[in-house]
Amino acid sequence: MSRISIFLNSEIINNNKGLWIMKKTGNGKGKNTSLVRPGVRSLDSSSGSSFVDSKSKPSKAKKSGTSTRSSSSTTSKRSSGAKKSGLGVAAGVLYKMGYFEKRYDIKMADGSVVKMTQAELVADMTKDVFPQGIIINGVDVSGMTRDEALAAVQANQPERPIDIDVKLSLDGTEYPLDLSTLPIDTNDVEIVDTAFAYLRPTGQESVEELIALHDSREALKSAPATYQTAYTLNTDDISPLVHNVLDPLNNEAVEAEITGFDPEELVFEYTDSEMGYVVDIDTAVADVKALLDSGTYIGTVPVNAEITEPTLTSEMIENEFGLISSSSSTTSPNENRDHNIEITADKLDGHVIPAGESFSFNGYIGQRTADAGYREAGVIVDGAIEQALGGGVCQVSSMIYQSALKADLSITERHPHQWPSSYAVAGTDAAVDWPAQDFAFTNDSDYPIAFHAYLDRSSSPCTLVVEIYGHQFPDGQYIELEAETVSSSTAGVTYQQNTSMPVGQTNTVRTAHNGCSADCWQVWYDADGNEIDRVIVEPRSVYPTINQIVEVGTLQPDGSQAQFDGSTGSITTSETTTEATEATTEETTTQPAETTPAPTETTPAPTETTPAPTETNPPPPESSADGSGEQPA
């Protein structure tokens, strides 16, 4: 029997398993046969449809009297026509059902070959799940639906998937920009959709294209396709974050303030300066947004601003402040005097003088009293050395004077001593006396200065050092002092009568000091030691001539006074000789001698001349007895 003939006089029914059964309904001697074919389109048997020729007409009523043969012939013709019509309909249905569709050899990933129709290829590649071999963000989504894959990818996403490090740079300083509050957008939905559509038929492919798609999908099993989602920072709210950083920088310049000086570290103590800015914040916001929107999340954004620099900055104090000048001198071997110098230097050490303010030695050091810790040492009173509290402090004031000149400060009060001191060249000393004489200067530089003063006892004699720290001269320049005596006068002797001192005795009340005048120059040098300028210090120092004062005794043995010549210091004595008949008076003139002999209990016999008076004091020195050369302090 031919393959087609089995459909004649048959019904097509659904076996509820996606297969169709053709059931024969009476042809072939009451036997029924069935044919099972997969993949055939379903027909709804409940509709009552059957493979009947739709063109067949209803049979007409049989005429009475018609012969049986004639009726049999008509029936036979009808049956033959029905069979032909049913065959055509069955063939059409089977074609539509794919029974006659061509099958193709489809190669699988394991090398096996499967025969599939075009419809089966399409059905296999359009399932609502990902094919094997699709990886998104490291997640294998093979066999997942689109929604399942999206959920798996989102669950695997890090909390902050972008490394963000953006700074704002203003005038050489970088300020971190905190962007942690900005949301991060991702294209995970787009990537999942793209991956889901990969190698999926669109319905427009030819068989050959479908087979190529299937081959590519099979290749994914050994070489998966990977996808990576992208993350972008949402910059809609970037403006307030930039303002948070830059708004506090919109301020006026703040000067660094020197608050003290550390005499141990020899550095100034200060509060930090701040630059003044008028910041272009709007441009900064736009620049940051443009950087982030370009996908760049690590970088530095320059910020424009109008800048006002303070006059005194922290950097200037660190780099341009230091030692300006230094002066030193050795002291005399007198402990009381060294003690007075040391406590005065200690009080001076670390003292800061702001710009434009003045320093007064008496005003800052104060009266030299026992309560203040001062001891008695040599001082000058009316050209003579006496012991008084504070002796020696003039050596400190003189070293301050020298350092102030070397720092090019303006001297407002200064007095030379009554004679040049042993510790300072003529023209470079400064005498002080409470409260009559002061030493003072003004810090007319643009910046504060500070003292570093100390008595170095590491050697004998001790060394006094006074230094001034502040804003150093440019290019390593410095000042040294040069002094020169421009005139001098020789001291003489002044004689004074001492009516209580016996004739022939003298006493030196004050030693002599030659007078002189001296000039001082500030000599400027460059960093290489080359002289570049010299400036004379005004006024000229004048040291008066101090005559020696010698007391001459005029008390004669009889209680009378010898005649005294103040210009020469000579005396004229008279002796009375009593004889029986007359008294004779003789006059003798005596010049003062170098030494005066000690008085005796008896009076020597009268002679023509009295012995020359002697001096009990040594010749006058050029400086004070203890070498201090101090004014009273």
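First, a word on scope: everything that follows refers to the structure included in this document. (Residues numbered from 1 in each chain as written. Predicted model: local features only at pLDDT ≥ 70, side-chain atom pairs only at ≥ 80, totals over all residues. Heavy atoms only, no water.)

Further remarks concern the side chain of Thr554. Summarising the element assignment, Thr554 is placed in strand β33 (residues 548-555). Overall, Thr554 belongs to the buried group, its relative accessible area being 0%. Polar contacts involving the side chain of Thr554 include one to the side chain of Gln497, which spans 2.9 Å. Every residue in contact with Thr554, bar those within four places of it in the chain, is listed here: Gln497, Asn498, Thr499, Met501, Pro502, Val503, Ser560, Gln561, Ala562, Phe564 and Ile571. (Helix = DSSP H or I, 4+ residues; strand = E, 2+ residues; numbered from the N terminus. Buried < 20%, exposed > 50% of the residue type's maximum accessible area, 1.4 Å probe, protein only. Polar contact = N/O pair within 3.5 Å; in protein donor to acceptor, adjacent residues only side chain to side chain. Contact = heavy atoms within 4.5 Å.)

Attention shifts here to the sheet that holds strand β6 (residues 134-136). Spatially, β7-β6-β11 is the arrangement adopted by the 3 strands of the open sheet, whose pairing is mixed. Of all strands in the sheet, those bounded by a partner on one side alone are β7 (139-140) and β11 (225-227). Pairing of β6 with β11 involves 3 bridges; the strand directions are parallel. Residue pairing across strands places Ile135 opposite Thr226, the latter belonging to β11. With respect to the sheet, helix α4 (residues 188-197) is in contact with β6 and β11, its orientation differing from that of β6 by roughly 175°. (Pairing = 2+ DSSP bridges. Axes fitted to C-alpha atoms, helices over the stretch in contact; angles between N-to-C directions.)

Turning next to the sheet that holds strand β20 (residues 358-360). Pairing is antiparallel in the open sheet, where 3 strands are placed in the order β20-β24-β23. Two strands in the sheet have a free side with no partner beyond their single neighbour: β20 and β23 (410-413). Direction aside, neighbouring strands of the sheet carry axes that sit 25° apart on average. Sheet topology places β23 next to strand β24 (residues 440-442); 3 bridges connect them, and they run antiparallel. Bridge assignment links Ser410 to a residue of β24, and that residue is Thr442.

A regular strand places its side chains on the two faces of the sheet in alternate fashion. The pairing of strand β8 (residues 165-170) with strand β9 (residues 173-177) spans 5 bridges and is classified as antiparallel. Looking at β9, one finds that Leu170 is bridged to Thr173. What sits between the antiparallel neighbours β8 and β9 is a turn of 2 residues, in which Asp171 has the positive phi angle 55°.

This part takes up the packing of aromatic side chains. With the rule as written, the count across this model stands at 14 aromatic pairs. Ring centres of Tyr401 and Phe439 lie 5.7 Å apart, and the angle between their planes is 75°; this geometry places the pair in the edge-to-face category. Note that Tyr401 is positioned in helix α11 (residues 393-406) and Phe439 in the loop between β23 and β24, a separation of 38 residues in sequence. Each of the two residues, Tyr401 as well as Phe439, counts as buried. Relative to Trp524, the ring of Phe473 lies with its centre 4.9 Å away and its plane at 50°, an arrangement referred to as tilted. (Phe/Tyr/Trp six-rings, centres within 6.5 Å; stacked < 30°, edge-to-face > 60°.)

Such coordinate-based values are descriptive only and should not be taken to indicate function.
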